[in-house]
Each structure stands twice: as C-alpha cells, then as structure tokens.
Amino acid sequence: MAFSCMQIVLMVGMLVTGSINTLSKKAQNDCTVKGYPDKSANNTSKPHEFNHPWFQTLIMFIGETICLIGFVIVRKRERDKRKNEFSVTPLDELPKQFQNRLIQFVVAFPTICDLIGTSLAGIGLVYVDASVWQMLRGSIIIFAGILSKIFLKRKLRAVHWSGMLVTMIGLVLVGCSSVFKSKTSSSSGSKTILGIILILGSQVVSASQMVIEELFLKKRSLHPLHVVGMEGTYGVIMMSAIVLPAMYYIPGSDVNNSYENSLDALYQIYNEPRLLVFCLLYLTSIAFYNYFGLAVTKSLTAVHRTLIDACRTMLVWGVDLIIYYAFDKDFGEPFDKQYGLLQVDGFLFLLIGTALYNELIHVECIPCLRTPIKDMEYVTSPRHSGNIQSAEFSDSDEINTSERTPLIQD
C-alpha cells in the first residue's frame, strides 16, 4: 500500500522517539557524576554512576502526564464539533459518551502495574546493554498471550502458540549471549542474570497491566490520550508521595545508606548538563512516543506499529554501536566478536516469533498453522490486528478495548 506523507511522518516519529526513549534512559545510567554529600565520606561528594531506576520511573510518569495536554486539545475540538451538531440541545444533555470525563479513578489500578513494571525494567537496564534490554522486552507477547488465555478467555490458535515458542527460543539465545559476554568482560555474570530476570519479571507485570486495563476499561470508551495522561498523573502522585520517600528511608547501598536517594539524583542532574539533557530527552520522548504510537495505530493498523517496534530494536542496537565506535566509548556498546552472532540469531528468532504471533507471515505448508477460511476476510481487513498489543479506533476516535493492551510503552 502507498503511504501518505503524514503517515510516513507518523511512522518515522514513532521509530525515532521510541529509540530515543531507550537510548536516553541507558545513557543516564552510563553517566558518572558527583551527587549528594555522603555522610560516610565526611559530607564530600564523589563521582558515581547515575543508578536511580525509581527516579527514572517518575520522569516517565511526568512524560505521560504531558499527554493530558493533547487530550484537552482533542476534547475541546470534539466538544466544539458537538456544539454545532447539537445546537438545539443543552451541553449538559448531550449523550454520555460525549461528556468530558477527566477523572477516572479506575485508571489507578493499571498505574500501579505500570509503576512496578517500569521500575523493574529500569533496574534490569543497569545490568544489561540497551539492545539486549530492548530485545528481552519482546517476551511480553508470551506473558500477554498466556494471561489473556487464562483471564480473558481469548482463543489462541496453533500459530499463536508457535510464535510464542519461537520467541522463547530467541529470548534464550539473547540471554545466553548477554551472560557469556559478561563473563568474558569485567562485569559480573550473576548481575547480568539478575538483570535478565528483572526485565522478564517486568514484562509479566506489564502483561498483567494489559489484562487489568481490558477488564476495567473495556466498556468505558476512554480516549487513549486520556488513559495515558491519567496513568501519568496518578503515577507522579504515587511516586512523589509514597514510593520515593519510602526508598529514601529504606536501608540500602545508595548515598547516605538509602535504598535509592532521589536527592542524589537531583544533585547529579544539576551537576552534569549532559545528564539533564538525557533526562529531558527521555521525558519528551515518552510523551511523543505515545502520541505517535496511537496515531500510527489509528491511521494505519496495529500491525504497522508492531513492525515499527521491531525496527526500533535494530535502530537502538545500530546507534549504540555507532556511538561506541565513532564518538564516545563511555556510552553505547561494543559488538562482541565471540558471542555477538548469538545475539543476532536470537534477534532473528524474536522477529520471526513476533511475526508469527501477529500473523504477519502465513505458513500454509503446515496444516495446523494455516489461517481458517472463515477468518481470511477478517485477517485481510485493513483494520485487523492479531496483536494483543493493538489499539483499534472507532469513527468517533474512542478506543476499542476488545483487542487493547496498555498504551504506555517506554
């Protein structure tokens, strides 16, 4: 199909902002900066790595909150249009689906999952390369498929299970390449394994978020930007009032014996302009990535969004290699000559598994993987997506949550 200029802009915007999202987050972890005065070191400040995954979650939620600005603009245009259509009807008597329901407390439930999942993934990113982190996030189709089967009673055919199996093989190859690489370098293999476990655990939580969103939000017809913005708002409140203060007083290995000292994060950002730039890039990329992702799904299909996410993995890996070899060896990642091909193979398996799960490729030579004749018309429909991470839209620009999963993807 031929794409319009606007559709190309949306796809490129999603690809670029999504890649900036991952790269800027990993670049924060690679910064070594002086921070908050340490009492155990006579109140002196020593340079140390920016290791604040929970603070990064707060930044993510701030970025999501910005989406409320876009939601207000969309709703204002919609209300102006409705005023013209219902010029003889008082605004208060308009149909319920046209009302501007800004506060939806039910959104707080998936926000908790988003908070936990993003933070676990952020901790895992400390121990693995950005490319490995991005690839391991592909495991979400396995957990989302299983949970949707259990709780949503969704029917999965043999092609879906095959896609999940191939994806699992890819995850094993990517994980092994990362562990073997760490054993041949100065990093610890046990920390790499911990990072992989945390990333996979975060995808379990994110898959649970998908199920919770579909169960609670399916019949509420909330606009996607509304969901993203409200989850961001609730997340900022939870992080600022509960999580970060608790992390400060829980004993740990961070500055002044805190589990995570957010004051140290603020001091480091203040002392290093590059770190401030990385944080701002991360914040803005979150907002724009959600917008572009939703716009791509609406203008094209969720299948296109899946393909762009696959390209995002390749772009992250390529940019990381370029940064390391051409610009600054303190950032990016080198290509491991001994186990790099194992990671390439793992990525290819992940790509094939995702394509199978989303029915982007058809294996007609295997009877059990053939597309049923009764589903052929639906499969070839331009609005169809077999992806559990899809978000379909009706003519009124409201989200259809029957095939919906969380709109938040960092």
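Given the structure is predicted, the values throughout are model-derived calculations rather than measurements.

Rules used in this analysis
Residues numbered from 1 in each chain as written. Predicted model: local features only at pLDDT ≥ 70, side-chain atom pairs only at ≥ 80, totals over all residues. Heavy atoms only, no water. 1 Å grid on protein atoms, 1.4 Å probe; cavity = no way out; pocket = protein on both sides within 12 Å on 5 of 7 lines; lining within 4 Å. Points joined across faces, edges and corners; volume = space filled by probe spheres on them. Helix = DSSP H or I, 4+ residues; strand = E, 2+ residues; numbered from the N terminus. Buried < 20%, exposed > 50% of the residue type's maximum accessible area, 1.4 Å probe, protein only. Lys, Arg positive; Asp, Glu negative; His and termini not counted. Salt bridge = Lys/Arg side-chain N within 4 Å of Asp/Glu carboxyl O. Contact = heavy atoms within 4.5 Å. pLDDT = per-residue confidence, 0-100. Core = buried A, V, L, I, M, F, W, Y, C linked by side-chain atoms within 4.5 Å. Phe/Tyr/Trp six-rings, centres within 6.5 Å; stacked < 30°, edge-to-face > 60°. Lys NZ or Arg CZ within 6 Å of the ring centre and 35° of its normal. Axes fitted to C-alpha atoms, helices over the stretch in contact; angles between N-to-C directions. Left-handed = near helix turned anticlockwise from the far one by under 90°. Nonpolar A, V, L, I, M, F, W, Y, C, P; charged D, E, K, R; others polar. Arc of directions from axis to C-beta. Polar contact = N/O pair within 3.5 Å; in protein donor to acceptor, adjacent residues only side chain to side chain. Parallel < 35°, antiparallel > 145°, perpendicular 65-115°, else oblique.

**Section: the layout of surface pockets**
Which parts of space are left empty comes out when a probe the size of a water molecule is rolled across the atoms.
Reasoning step 1: Its boundaries defined by the atoms lining it, the largest pocket holds a volume of some 1,300 Å³.
Reasoning step 2: As for the largest pocket, its lining consists of 49 residues, of which Lys26, Asn29, Glu49, Val126 and Tyr127 are closest to the centre.
Reasoning step 3: Those elements that place two or more of their residues in the lining of the largest pocket are α1 (5-29), β1 (32-34), β2 (47-49), α2 (53-65), α4 (108-127), α7 (158-184) and α8 (189-217).

**Examining unusual backbone geometry**
The general pattern is negative phi for most residues beyond glycine and trans for most peptide bonds.
Reasoning step 1: One non-glycine residue, Asn43, adopts positive backbone phi at about 55°.
Reasoning step 2: Topologically, Asn43 is positioned in the loop between β1 and β2.

**A look at the side chain of Asp320**
Reasoning step 1: By the secondary structure assignment, Asp320 is in helix α12 (residues 302-327).
Reasoning step 2: For the buried Asp320, which has no salt bridge, the nearest side chain bearing the opposite charge is Lys26, at an N-O separation of 7.7 Å.
Reasoning step 3: Ignoring sequence-local partners within four residues, the contact set of Asp320 consists of Leu23, Ala130, Ser131, Gly332 and Glu333.

**Some details on the pattern of salt bridges**
Reasoning step 1: Throughout the structure, instances matching the rule amount to 7 salt bridges.
Reasoning step 2: Of the charged contacts, one joins Arg75 and Glu78 as a salt bridge, the two residues approaching to 3.1 Å between their closest N and O atoms. With Arg75 and Glu78 both in helix α3 (residues 67-85) and 3 residues apart, this pair spans about one turn of that helix.
Reasoning step 3: Between Arg154 and Glu214 there is a salt bridge, and its shortest N-O distance comes to 2.8 Å. Here Arg154 is found in the loop between α6 (140-151) and α7, whereas its partner Glu214 is found in helix α8, with 60 residues between them in sequence.
Reasoning step 4: Residue classification places Arg154 among the buried positions, given a relative accessible area of 16%.
Reasoning step 5: Glu214 sits in the buried class, given a relative accessible area of 5%.
Reasoning step 6: Residues joined in a network through salt bridges with shared partners are Glu272, Arg274 and Asp328.

**Observations regarding the confidence of the model for the protein chain**
Reasoning step 1: Per-chain confidence: the protein chain averages 82 in pLDDT, with 82% of residues scoring 70 or above.
Reasoning step 2: The low-confidence segment residues 93-100 (pLDDT under 50) makes 15 contacts with residues lying over four places distant or belonging to another chain.
Reasoning step 3: Per-residue pLDDT stays below 50 along residues 377-409; that stretch engages in 118 contacts with residues further than four places along the chain or on separate chains.

**Observations regarding the nonpolar core**
Reasoning step 1: Formed by 41 residues in total, the largest nonpolar core has its most connected members in Trp54, Phe55, Val107, Leu115, Met239 and Leu275.
Reasoning step 2: At the level of elements, α2, α3, α4, α8, α9 (224-249), α10 (262-271) and α11 (273-299) are the ones that each hand at least two residues to this core.
Reasoning step 3: Here this core takes 10 residues from α9, the largest share from any one element.

**Overview of the packing of aromatic side chains**
Reasoning step 1: As enumerated under the stated definition, the model contains 8 aromatic pairs in all.
Reasoning step 2: Ring centres of Tyr36 and Tyr267 lie 5.0 Å apart, and the angle between their planes is 85°; on these two criteria the pair is classed as edge-to-face. Linking Tyr36 in the loop between β1 and β2 with Tyr267 in helix α10, this pair joins segments that are 231 residues apart in sequence.
Reasoning step 3: Using a relative accessible area of 37% as the deciding quantity, one classes Tyr267 as partly exposed.
Reasoning step 4: Between Arg312 and the ring centre of Tyr289, over which it is positioned, the NZ or CZ distance is 4.8 Å.

**Details of the packing of α3 against α9**
Reasoning step 1: Contact geometry of α3 with α9 gives a least axis separation of 8 Å together with a crossing angle of 145°. Remark: the crossing between α3 and α9 carries left-handed chirality. Residues Cys67, Leu68, Gly70, Phe71 and Val74 of α3 pack against Leu225, His226, Val228, Gly229, Met230 and Thr233 of α9.
Reasoning step 2: When the residues that make up the contact of α3 with α9 are grouped by side-chain class, the tally is 7 nonpolar, 4 polar and no charged.

**Observations regarding α10**
Since the α-helix turns once every 3.6 residues, residues separated by three or four places project in the same direction.
Reasoning step 1: Buried within α10 we find Ser262, Asp264, Ala265, Gln268 and Ile269. Seen end-on, α10 carries its buried residues on one side only, within an arc spanning 150°.
Reasoning step 2: On its buried face, α10 sits against β1, β2, α2, α9 and α11.
Reasoning step 3: Capping of α10 at its N-terminal end is provided by Asn261; its side-chain oxygen lies 3.0 Å from the backbone amide nitrogen of Leu263.

**Some thoughts on empty space enclosed by the protein**
Reasoning step 1: Throughout the structure, instances matching the rule amount to 3 cavities of 30 Å³ or more.
Reasoning step 2: By volume, the second largest cavity is sized at about 70 Å³.
Reasoning step 3: What lines the second largest cavity is a set of 13 residues, among which Asp129, Lys181, Asp336, Gly340 and Gln343 lie closest to the centre.
Reasoning step 4: Within the residue set of the lining of the second largest cavity, elements represented by two or more residues are α7 and α13 (340-357).
Reasoning step 5: Broken down by class, the residue content of the lining of the second largest cavity amounts to 5 nonpolar, 4 polar and 4 charged.

**Remarks on the packing of α10 against α11**
Reasoning step 1: Remark: α10 packs on α11, axes separated minimally by 5 Å, with the N-to-C direction vectors making an angle of 110°. What the angle tells us is that α10 and α11 run roughly perpendicular. Counting all contacts with α10, which are made through Gln268, Ile269 and Asn271, the residues of α11 involved are Pro273, Leu275, Leu276 and Cys279.
Reasoning step 2: Classifying every residue of the contact of α10 with α11 by side-chain character gives 5 nonpolar, 2 polar and no charged.

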